[in-house]
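Remarks on the overall topology
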Amino acid sequence: MDFLTDEEQQQIRAAVQQVETVTSGEIVPMVVPCSYTYAQAEARGSMALSTMAALLLTLLPGWGHVWVFLTLQLAGLVLFREVLRRLPRVKRLFVRQSEIDEEVEEGALKAFYRHGLYKTRDETGILIYVSLFERRVWVLADRGIDSRVEAGTWDGVVRTIAQGLADKTPGQAICAGIIQCKEILAARFPVRPDDANELQDLILGD
């Protein structure tokens, strides 16, 4: 994935390893291009754009016929669907915020189980899920940790990384978010003498 340079990836892995020297928590940052295809957004967007374009073109002299409009609209549906697939920033304009929230949460849950973050000895896996298309961050902790932290514990981590995505400093922001986890975890979940690294330190793609 080109989103993070090799150097940034190494820095993220180093941050994870640093945090895991003081806590039994197993942190896994994961960066994915998107959490869902949003085919309905493509359909909504292509319909809206093709209809608008067809209406504008039928204002031209000699083009103001219903069959001309329908032909232009049909051609526009095909054209604009392809445009939306190639231009994620435009496509995102047609995705509802409720869809984004739902799909990112679902994507994080699926990734948590698909990559075995629930399999650690003490149920201390923590997924920091970064979904680029939606510009969303979701933190999901296994029950060994989640049952002992209050609601909102991870909000600061989410804000730090989300701001880094907006500022186009993703590697730095992900590292900063991981270090914030250290402050949350070290006192409550100290490292055990027989602790082992049970999970990947970084997952790119899905």
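All residue numbers refer to position in the chain's written sequence, counted from 1. Only residues with pLDDT of at least 70 are given local features in this predicted model, and only at 80 or more are side-chain atom pairs given and counted; all residues enter the totals for whole chains, interfaces and linings. Side-chain numbers here rest on the full set of heavy atoms in the structure, without hydrogens or water.

1. So, helix 5 (residues 97–114)
In plain terms, the rule: Each helix is a run of H or I in the DSSP string that is no shorter than four residues. Each strand is a run of E no shorter than two, and both are numbered from the N terminus. The span one expects for a helix is its residue count, reduced by one, times 1.5 Å. Note on classification: 1.4 Å probe, protein chains only; a residue is buried when its accessible area is under 20% of the maximum for its type, exposed when over 50%, partly exposed between these limits. Here, residues are in contact when the closest pair of their heavy atoms is within 4.5 Å.
Relative to the 26 Å expected for 18 residues at 1.5 Å per residue, helix 5 spans 25 Å between its end C-alpha atoms, a close match to the ideal helical length. Of all the positions in helix 5, only Glu99, Ile100, Glu103, Val104, Gly107, Ala108, Ala111 and Phe112 are classed as buried. Buried-residue contacts for helix 5 involve strand 1 (26–32), helix 2 (39–57), helix 4 (88–92), strand 2 (125–131) and strand 3 (136–141). Directly beyond the C-terminal end of helix 5, a positive phi value near 70 degrees is found at Gly116.

2. Topic: the side chain of Gln9
Note the cut-off: A 3.5 Å cut-off defines polar contacts: any pair of N or O atoms within that distance qualifies, except that in protein one atom must be a possible hydrogen donor and the other a possible acceptor, and neighbouring residues in sequence count only when both atoms are side-chain atoms.
Inspection of the secondary structure puts Gln9 in helix 1 (residues 6–19). Among the residues examined, Gln9 registers a relative accessible area of 11% and is labelled buried. From its side chain, Gln9 meets the backbone oxygen of Leu4 in a polar contact 3.1 Å long.

3. A word on the nonpolar core
Stated formally: Definition used in this section: a nonpolar core is a set of buried Ala, Val, Leu, Ile, Met, Phe, Trp, Tyr and Cys residues joined via side-chain atoms within 4.5 Å.
By size, the foremost hydrophobic cluster in this structure holds 27 residues, and its most contacted members are Ile27, Ile128, Trp154, Ile178 and Leu185. Listing elements by their share of this core, those giving two or more residues are helix 1, strand 1, strand 2, strand 3, helix 7 (155–166) and helix 8 (170–185). At 6 residues, helix 8 tops the list of elements feeding residues into this core. Setting aside residues up to four positions removed in sequence, Ile128 forms contacts with Ile27, Val28, Pro29, Met30, Val137, Trp138, Val139, Ile161, Ile178 and Cys181. Core analysis: the next-biggest nonpolar cluster, separate from the first, contains 18 residues, Val32, Ile100, Val104 and Phe133 among them.

4. Some details on the pattern of salt bridges
We apply this condition: We define a salt bridge as a side-chain nitrogen of Lys or Arg found within 4 Å of a carboxyl oxygen belonging to Asp or Glu.
Applying the stated criterion across every chain yields a total of 13 salt bridges. Note that Lys110 is salt-bridged to Glu106, the shortest N-O span being 3.0 Å. Of this pair, Lys110 and Glu106 both sit in helix 5, separated by 4 residues, roughly a single helical turn. A residue is classified by how much of its surface remains accessible, and Lys110, at 47% relative accessible area, is partly exposed.

5. Observations regarding the environment of Ala196
Within the element layout of this structure, Ala196 appears in the loop between helix 8 and strand 4 (203–204). On the basis of relative accessible area, Ala196 is assigned to the partly exposed category, the value being 42%. It is 34 Å that separates the C-alpha atoms of Ala196 and Glu134, two residues lying 62 residues apart in sequence.

6. A word on a nonpolar patch on the surface
Keep this limit in mind: Put simply, a patch holds well-exposed residues, over 30% relative accessible area, that have no salt bridge, with like charges counted together within 9 Å and Val, Leu, Ile, Met, Phe, Trp or Tyr side chains within 5 Å. Only the protein chains shown count as cover for residues, with accessible areas throughout obtained via the Shrake-Rupley method and a probe of 1.4 Å.
Together, Met52, Leu56 and Leu59 make up an exposed nonpolar region whose accessible area comes to about 360 Å². If you trace the backbone, Leu56 turns up in helix 2. For Leu56, a relative accessible area of 54% puts it in the exposed group.

7. Let's talk about helix 8
When the terminal C-alpha atoms of helix 8 are compared, their 22 Å separation across 16 residues agrees well with the 22 Å that a helix rising 1.5 Å per residue should span. Where helix 8 is buried, its residues touch helix 1, strand 1, strand 2, helix 6 (143–146) and helix 7.

8. Some words on the sheet that holds strand 4
The cut-off we apply is this: Strand pairing is defined by DSSP finding a minimum of two bridges between the two strands. Here an axis means a line fitted to C-alpha atoms, over the contact stretch when the element is a helix, while the angle between two N-to-C directions is reported on a 0 to 180 degree scale.
In space, the 4 strands of this open sheet follow the order 3-2-1-4, with mixed pairing throughout. Both edges of this open sheet fall to strand 3 and strand 4, since each of them pairs with a single strand only. Sheet topology places strand 1 next to strand 4; 2 bridges connect them, and they run parallel. Residue Met30 lies in a different strand from strand 4, and its bridge partner there is Ile203. Helix 5 rests against strand 1, strand 2 and strand 3 of the sheet, and its axis sits at about 40 degrees to strand 3.

9. Quick look at the packing of aromatic side chains
Applied cut-off: Between 30 and 60 degrees the pair is tilted, below 30 it is stacked and above 60 it is edge-to-face, where a pair is any two Phe, Tyr or Trp rings, Trp via its six-membered ring, whose centres lie within 6.5 Å. The criterion for a charge sitting over a ring is simple: Lys NZ or Arg CZ within 6 Å of the ring centre, and within 35 degrees of the ring normal.
Summed over the entire model, instances satisfying the criterion amount to 4 aromatic pairs. Note on Tyr36 and Tyr38: the rings are 5.3 Å apart at their centroids and 85 degrees apart in plane angle, and the pair reads as edge-to-face. Look at Tyr36 and you get partly exposed, because its relative accessible area is 40%. Residue Tyr38 is classed as buried on the basis of its relative accessible area, which comes to 1%. Here Phe112 and Tyr113 contribute two aromatic rings whose centre-to-centre distance is 5.4 Å and whose plane-to-plane angle is 70 degrees, an arrangement assigned as edge-to-face. Here the aromatic cluster, defined as three or more aromatic residues joined through ring pairs, consists of Tyr36, Tyr38 and Phe133. Geometry around Phe133 places Lys91 over its ring, the cationic atom sitting 5.8 Å from the centre.

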